[in-house]
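# Structure at a glance
Spelled out, the chains give:
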Amino acid sequence: MEVQFVNLGLQYKELKEEILEKIDYISSRGSYVLSEEVEDFEKNFAKYCGVKYSVGVGNGSDAIFFSLLSQNIGKDDEIITAPNSFVATAWTIANCGAKIVFSDVGEDYNINPHKIEKLINKKTKAIIPVHLTGKIADMDAISNIAQKHNLIIIEDAAQAVGAKYKDKKAGSFGITGCFSLHPLKNLHVNGDGGVVTTNDKVTYHYLKKIRNHGLVNRDECEFWGYNSRLDSIKAGIANIKLKYLDKWNNRFRQIALYYRNELEDFLEVPKENSFEKPIYHRFIIQYQKRDDLKKFLFEKGIETKINYPIPLHLHPAASDLEYRIGDFPVAEKQAKRILSLPIYAELSDNEVEYVVQCIKHFFK
Ligand SMILES: Cc1ncc(COP(=O)(O)O)c(C=O)c1O
């Protein structure tokens, strides 16, 4: 048997008719940019996340970048975030001119609130918690710190669409919530895409302008912006898929539960608290001889990945920050031990069972 890490064709097969019909409808009208499809999706997505507004953008990275710019973050500002995220969490901070300040994570892969406060100084403007793997960071503790020190929270919710923490959804805690609609995410638009959520009207209006060159209308530019919109066809696809998202997320959770129950005696598996509902965008296990296990599974036809093998502070791109090996021991240790198992809504029970049997076989 072969088990791919992702198989995007399966979802397309399921929704082919609906998607092609939508593409045909939009194409026949020729309204490819900033159409009512985009507005519909923005309304539906805001409602889904439990916030007032959402703004579609070109990708999840720009969702973060524009959020930072919307809060006037730039030179001389410091932004605290986790060192184990995807590179976009870091470059967006650097590219708006601010300094990245990393803070180590906890056993749940999310920023450890206990380590944040000692990094705060007069220059600190914001915290970007990353809801890594689809599990929301400890937002009660982070919100308390932000409130105490008058800091902004921008959620990197790229991996956490639909995840819940004490009955609130990802994207409803910060001044903005930043989502990726990239093909590897639980909600994707068959290409690049992103969306920002907010309850703040001023931020909402700023985001609508910055994604569209800074234009206030067809002819008048208020400030130099960017061209990074969510295309109408992609918004149409997102509107279709949003209807299925909870069903898919439940399947991710079902698979995760099975993996956890079957594997917890062999490996370190993710834990879940009763007050939260992670969506398991990634199911990450930890094991000392991770590379041996990866190789063994590969030989059995099972594809796995490492999300991510190099912590952000150790990339050449971060060399100006002068971090060293050992600065973030938890993130660094995890980077050597983590392994992402295949998990997606279309994965069959047989395939999941096969992954589990092969891992058990490895330990025999
Ligand atoms: C945690 C995190 N932040 C940001 C991004 C960037 O999103 P995009 O690839 O849509 O630009 C991603 C997606 O890969 C991500 O996983």
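Refer to the preceding data block for the structure.
Per chain, the residues get numbers from 1 upward, laid out in the order the sequence is written. In view of the model being predicted, local features appear only for residues whose pLDDT reaches at least 70, and side-chain atom pairs are presented and counted only at 80 or more, with totals across whole chains, interfaces and linings using the full set of residues. Excluding hydrogens and water, the side-chain values take into account all heavy atoms of the structure.

### A word on the sheet that holds strand 7 (residues 168-169)
Formally: Strand pairing follows a simple DSSP-based rule, namely that at least 2 bridges must link the two strands. Runs of E in the DSSP output that reach at least two residues are strands. Runs of H or I that reach at least four are helices, and both are numbered from the N terminus.
Here 3 strands make up an open sheet; going across it, the order is 7-6-10 and the pairing antiparallel. At either end of the open sheet lies a strand with only one pairing partner, and these are strand 7 and strand 10 (276-277).

### Some points on the nonpolar core
Let me state the cut-off plainly: Nine residue types can take part in a nonpolar core, namely buried Ala, Val, Leu, Ile, Met, Phe, Trp, Tyr and Cys, and a core is a set of them joined through side-chain atoms within 4.5 Å. The buried label goes to any residue with under 20% of its type's maximum accessible area, the exposed label to any with over 50%, and the partly exposed label to all in between, with areas taken from a 1.4 Å probe on protein chains only. Each domain's limits were defined by an automated method or a database of domain assignments.
Ranked by internal contacts, the top residues of the largest apolar core, which has 74 residues, are Phe41, Phe45 and Leu68. If you count residues domain by domain, this core takes at least three from each of domain 1 (15-242) and domain 2 (245-363). Counting 33 residues, the second largest nonpolar core, distinct from the first, contains Val3, Ile240, Leu267 and Ile285.

### Some points on a nonpolar patch on the surface
In plain terms, the rule: Patch construction takes residues with relative accessible area above 30% that form no salt bridge. Like charges are linked within 9 Å, and nonpolar side chains (Val, Leu, Ile, Met, Phe, Trp, Tyr) are linked within 5 Å. Working definition of accessibility: Shrake-Rupley area with a 1.4 Å probe, residue cover restricted to the visible protein chains. What counts as a salt bridge is simple: a side-chain nitrogen of Lys or Arg found within 4 Å of a carboxyl oxygen of Asp or Glu.
Where nonpolar side chains cluster on the molecular surface, the patch consists of Phe86, Val87 and Trp91 and spans about 250 Å² of accessible area. With respect to the secondary-structure elements, Trp91 resides in helix 4 (residues 88-95).

### Details of unusual backbone geometry
Cis geometry is adopted by the peptide bond preceding Tyr308, which originates at Asn307 and carries an omega value of 5 degrees. As for its position among the elements, Tyr308 is in the loop between helix 9 (290-299) and helix 10 (329-337). Positive phi values are uncommon outside glycine, yet Tyr109 reaches one of about 75 degrees. Even without being a glycine, Thr133 presents a positive backbone phi close to 65 degrees.

### Digging into the site of the ligand
What counts is decided by this rule: Being near a molecule or strand, for a residue, means having at least one of its heavy atoms within 4 Å of it. Residues adjacent in sequence count toward polar contacts only when both atoms are side-chain atoms; beyond that, a polar contact is any pair of N or O atoms within 3.5 Å, and within protein one must be able to donate a hydrogen and the other to accept it. Three categories are distinguished: nonpolar for Ala, Val, Leu, Ile, Met, Phe, Trp, Tyr, Cys and Pro, charged for Asp, Glu, Lys and Arg, and polar for the others, with Gly belonging to the last.
In the region of the ligand, 17 residues are neighbours, and Gly60, Ser61, Asp156, Ser180 and Lys185 sit closest. Interatomic distance of 2.8 Å between a backbone N/O atom of Gly60 and an oxygen atom of the ligand. At 3.0 Å, a side-chain N or O of Gln159 approaches an oxygen atom of the ligand. About the coverage of the ligand: the protein hides 92% of its 390 Å² of free accessible area. Of all the secondary-structure elements, those providing two or more residues to the shell around the ligand are helix 3 (60-70) and helix 4. Residues of the shell around the ligand, tallied by class, amount to 6 nonpolar, 9 polar and 2 charged.

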